[in-house]
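The lines below spell out each chain.
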Amino acid sequence: MTKKMISLLLAAAMCLSLSACGKKGTPGGPGDNGERVKKETMSVVLSSEPVNLNPQTCNMLNGYIVEALVYDTLLQVGPNGEIQPNLATEWEMIDDTHIRFKLREDAYFSNGEQMTSEDVVFTLKRCTEMSTTKSTFKFFDGENTKADGDFAVIVALKQPFAPVYSFLTHAYSSIVCKSYVEEVGDEVAGLEPVGTGAYVVDSWVAGSSILLKRNDKFWGEPGASDKIEMKVINEVANRAIELETGSSDIALDISANDGARIAENYDLKLMNDISYRTTFLGLNLSKDETANAKIREALSCALDIELLTDVVYEQYGIPADSIMSSSIIGHSPVSEHVYDVERAKKLLAEAGYPNGINLTGRCQTNVDFKTIAEIIQNMWKEAGINCEIQVLDKATYNELGKANNGTNITITSQTATTGNAYQAIGTVFSTASRNGIINSSDTKLDEMIAVAAAEYDDAARAKKYEEIQDYIVNNYYAIPIAFTDVLTGMRNTVEGYVHSPANTPDLTYVCAYE
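To keep things clear, this report deals only with the structure shown in the data block. (Residues numbered from 1 in each chain as written. Predicted model: local features only at pLDDT ≥ 70, side-chain atom pairs only at ≥ 80, totals over all residues. Heavy atoms only, no water.)

Below, the discussion takes up unusual backbone geometry. Positioned with a positive phi, Glu-314 is a non-glycine residue whose angle comes to about 50°. Looking at Glu-314, the relative accessible area reads 28%, which means it is partly exposed. In this structure, Tyr-476 is a non-glycine residue whose phi angle is positive, near 60°. Position of Tyr-476 among the secondary structure elements: in the loop between helix H15 (458-474) and strand S17 (478-491). (Buried < 20%, exposed > 50% of the residue type's maximum accessible area, 1.4 Å probe, protein only. Helix = DSSP H or I, 4+ residues; strand = E, 2+ residues; numbered from the N terminus.)

What follows is the structure, encoded as structure tokens:
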């Protein structure tokens, strides 16, 4: 199938039924700015509004971006991926399942309360108990994580867990004020957050914007901007327009279509680089049709992944050769993808569907996902595979994932925000994950993932993750599509911005000039 044919099919597909139902390192200073004047308020465009700013209940990347300004974690990731101190100043491993962290004594919450070990223990215990975070922190032992005086904590693990330090940099583990959360409850704490970070929420206009101002009680180097306005613009084309008209300084989540135009604009610059994200098709193992390995393989064989990636992502993505991004340590390419429509038909016949098969699918209202849906529907038709894919808002998408075990196919992506191999694989493919994407009941895979996570030797752990990637892809639990770039547009007057492969940039030391 040629690229021209894909374009024609895309036009036709519009008529088809696609239902739409220091702290944090050294500040990146502005350098020699002559007579330029720094803006009091830097304006940043988000692609969606966080549901809340409660670290243990919010699971949105855009929420993580705001939370990084309001809260702190025990540890942080340095510019070269190294683990660095943050609220914890030093640490030592007592044994394979216990680590002692010494805490800084000059960190205060924005309500004036001093942060102590009691807040840290409270937070980490929440991570192991809250519905949003407990699967991610399932190897942490919340019950046996204890304070060791006012400014030290002993973190306990249920088993040896190599990613422990990476997970203590995750937004989920942002330290909350125990007394405040207990007093006001999670709902209020998520809308009126209290943290130890460089900024505090000044105002929040639902559906429109969040305004943050510099936190005078912050323990570290003051933030570069007096205020940061987070504008919410869901429509991807409008985010680019917001930047091009000068209405905002930074626009996150730029599309491939808009990226080239921004890169050519004299007044703008495009930051793009490989991410920790893999776009893939999840094949639901709890649905009768996709529980059949022959049907799953047929779905893979009927897709021209190289052409699909080229059309959707242009120069900002490459065909995925594994389920784990090539930017993550532990990535290993698996056997080369085979595009063979005739083999797909043969596999369907062997599975008992010689005259074709009808399947269901879903994706969120991401422009790339919608385009992928249109293309794969047409590619699959050549093999006799008819798939009705619903394009849904996030809430409806999540509901459908839980109702009746979800759909056969899910177009989605996984961003391992810590850059850790366990996060890239361990949650989506775990038997504990029942969100309708994979719905695995494979206890062998669970054991493989647990054993890899428990391996502290780097070389041995890498070998185990190589085996896991091969197992997932060659059993067709998922069809990897692309490793994609993070695209961020900004005006030339923005300085201090550092690319985030997790797509969660730290804006603490970023500023804009008039």
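Read on, since the account is not over.
Right, let's get into helix H6 (residues 236-244). The complete set of buried residues in H6 reads Val-236, Arg-239, Ala-240, Glu-242 and Leu-243. Axial view of H6: buried residues confined to an arc of 155°, hence all on one face. Looking at the residues trailing H6, positive phi occurs at Gly-246, about 85°. (Arc of directions from axis to C-beta.)

Before going further, it helps to examine the pattern of salt bridges. Working definition: two side chains of opposite charge can pair if their charged atoms are close together. Under the defined criterion, the tally for this structure stands at 19 salt bridges. In this structure, the salt-bridge partner of Lys-39 is Asp-249, at a minimum N-O distance of 2.7 Å. Taken together, the residues span a long stretch of sequence, with Lys-39 in the loop between helix H1 (3-13) and strand S1 (41-46) and Asp-249 in the loop between H6 and strand S11 (250-251) at a distance of 210 residues. Of the two residues, Lys-39 and Asp-249, both sit in the buried class. Here Glu-242 and Lys-231 are joined by a salt bridge, their closest N and O atoms 2.7 Å apart. Of this pair, Glu-242 sits in helix H6 while Lys-231 is found in strand S10 (residues 227-232), placing the two residues 11 residues apart along the sequence. Across the pair, Lys-231 and Glu-242 agree in class, each one buried. Through salt bridges with shared partners, a single network forms among Lys-125, Glu-129 and Glu-143. (Salt bridge = Lys/Arg side-chain N within 4 Å of Asp/Glu carboxyl O.)

For any two helices packed against each other, one specifies the crossing angle of their axes together with the interaxial distance. In the contact formed by H6 and helix H7 (residues 256-264), the axes pass within 10 Å of each other and the chain directions differ by 10°. The orientation of H6 relative to H7 falls into the category roughly parallel. Across the interface between the two elements, Val-236, Ala-237, Ala-240, Leu-243 and Glu-244 from H6 touch Asp-258, Arg-261 and Ile-262 from H7. For the contact of H6 with H7, the residue count by class is five nonpolar, no polar and three charged. (Axes fitted to C-alpha atoms, helices over the stretch in contact; angles between N-to-C directions. Parallel < 35°, antiparallel > 145°, perpendicular 65-115°, else oblique. Contact = heavy atoms within 4.5 Å. Nonpolar A, V, L, I, M, F, W, Y, C, P; charged D, E, K, R; others polar.)

Per the stated rule, a full pass over the model turns up 15 aromatic pairs. Ring plane angle 55° and centroid distance 4.8 Å describe the contact between Phe-137 and Phe-140, whose orientation is recorded as tilted. A residue is classified by how much of its surface remains accessible, and Phe-140, at 3% relative accessible area, is buried. On the basis of an interplanar angle of 35° and a centroid distance of 6.4 Å, the ring pair of Phe-280 and Phe-429 is categorised as tilted. With Phe-280 in strand S12 (residues 268-283) and Phe-429 in the loop between helix H13 (421-426) and helix H14 (443-453), this residue pair connects regions lying 149 residues apart in the sequence. Taken together, Phe-137, Phe-139, Phe-140, Phe-161, Phe-167 and Tyr-422 form an aromatic cluster joined through their ring pairs. Sitting over the ring of Tyr-513, Arg-36 keeps its end group 4.6 Å from the ring centre. One Lys or Arg, Arg-362, reaches over the ring of Tyr-397 and ends 4.2 Å from the middle of that ring. (Phe/Tyr/Trp six-rings, centres within 6.5 Å; stacked < 30°, edge-to-face > 60°. Lys NZ or Arg CZ within 6 Å of the ring centre and 35° of its normal.)

Here helix H8 (residues 293-301) crosses helix H10 (residues 341-350) at 165°, and the two axes come no closer than 8 Å. As far as their axial angle goes, H10 and H8 are roughly antiparallel. At the point where H8 passes H10, the crossing takes the left-handed sense. Across the interface between the two elements, Lys-294, Ile-295, Glu-297, Ala-298 and Cys-301 from H8 touch Val-341, Arg-343, Ala-344, Leu-347, Leu-348 and Glu-350 from H10. Here the contact of H8 with H10 is composed, by residue class, of seven nonpolar, no polar and four charged. (Left-handed = near helix turned anticlockwise from the far one by under 90°.)

On to the environment of Lys-231. By relative accessible area, Lys-231 is classed as buried at 18%. For the pair formed by Lys-231 and Val-45, sequence separation is 186 residues and the distance between their alpha carbons is 4.7 Å. With residues up to four places along the chain from it excluded, the contact list for Lys-231 reads Ser-43, Val-44, Val-45, Leu-46, Ser-208, Ser-209, Glu-242, Ser-247 and Ser-248. A polar contact of 2.7 Å, which involves the side chain of Lys-231, links it to the side chain of Glu-242. (Polar contact = N/O pair within 3.5 Å; in protein donor to acceptor, adjacent residues only side chain to side chain.)

Next up on the list: the sheet that holds strand S5 (residues 98-103). Across the sheet, which stays open at both edges, the four strands sit in the order S4-S5-S7-S6 with antiparallel pairing between neighbours. Only two strands of the sheet have a single neighbouring strand rather than two, namely strand S4 (88-95) and strand S6 (146-147). Relative to strand S7 (residues 152-156), S6 runs antiparallel, the two sharing two bridges. Across the sheet, residue Ala-147 finds its bridge partner in S7, namely Val-153. (Pairing = 2+ DSSP bridges.)

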